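# Topology and contacts: notes
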Amino acid sequence: MPEKTVTLINKKGLHARAATRLVHLSQKYNCQIELCLGDKIANTRNIMQLLMLAAPCGTQLLLRAQGDDAEAALCALDELIQARFDEEE
């Protein structure tokens, strides 16, 4: 299962709009994607699970994917996170 460590660098962390962007992007891929914070695991297609991670700016998260396009999904989600969810300059 491919995985990648990412750090939230946007000012507000994983808030509602950012989580919504993750959900929409995840739905474009045909694989199971999880975002992990310690022992908490969230399906990236479930906004409530993502919000329950309560991840502020600076939090390191583990992205994991399993399925046909897992690598492409991880790359796309990483790019979105590195782009600060397209919210800030």
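Residues numbered from 1 in each chain as written. Predicted model: local features only at pLDDT ≥ 70, side-chain atom pairs only at ≥ 80, totals over all residues. Heavy atoms only, no water.

Time to look at the overall build of the protein chain. The secondary structure content of the protein chain amounts to three helices and four strands. Ordered by position from the N terminus, the helices and strands of the protein chain form the series β-α-β-β-α-β-α. Taking 89 residues into account, the globule formula puts the C-alpha radius of gyration at 12 Å, and the protein chain, at 12 Å, falls close to it. Principal axes of the C-alpha set define a box for the protein chain whose edges measure 35 × 30 × 20 Å. Split into buried and exposed, the 89 residues of the protein chain put 42% on the buried side. Accessible area of the protein chain: about 5000 Å², with a carbon and sulfur share of 49%. (Helix = DSSP H or I, 4+ residues; strand = E, 2+ residues; numbered from the N terminus. Rg over C-alpha atoms; globule rule 2.2 N^0.38 Å. Buried < 20%, exposed > 50% of the residue type's maximum accessible area, 1.4 Å probe, protein only. Areas by Shrake-Rupley, 256 points an atom, 1.4 Å probe, with all protein chains shown as cover.)

Moving on, we get to unusual backbone geometry. Unlike most non-glycine residues, Arg84 shows phi in positive territory, near 60 degrees. Residue position: Arg84 is located in the segment after α3 (70-82). According to the relative accessible area criterion, Arg84 is partly exposed, its value standing at 29%. With a phi close to 60 degrees, Phe85 is a non-glycine residue in the positive phi region. Overall, the relative accessible area of 1% leaves Phe85 in the buried class.

Here the focus is the pairing of strand β3 (residues 40-43). In this sheet, β3 lies alongside strand β2 (residues 31-37) in antiparallel orientation, the contact comprising four bridges. The residue bridging Leu37 from the neighbouring strand is Lys40, located in β3. As consecutive antiparallel partners, β2 and β3 are separated by two residues, and within that stretch Gly38 has a phi angle of approximately 60 degrees, a positive value. (Pairing = 2+ DSSP bridges.)

The subject of this paragraph is the pattern of salt bridges. Tallied over the full model, the rule gives three salt bridges. A salt bridge links Asp86 to Arg21, with the shortest nitrogen-to-oxygen separation between them at 3.1 Å. Here Asp86, found in the segment after α3, pairs with Arg21, found in helix α1 (residues 16-26); they are 65 residues apart in sequence, far enough to count as distant. The class of Asp86 is exposed, set by a relative accessible area of 55%. Given a relative accessible area of 35%, Arg21 falls into the partly exposed group. (Salt bridge = Lys/Arg side-chain N within 4 Å of Asp/Glu carboxyl O.)

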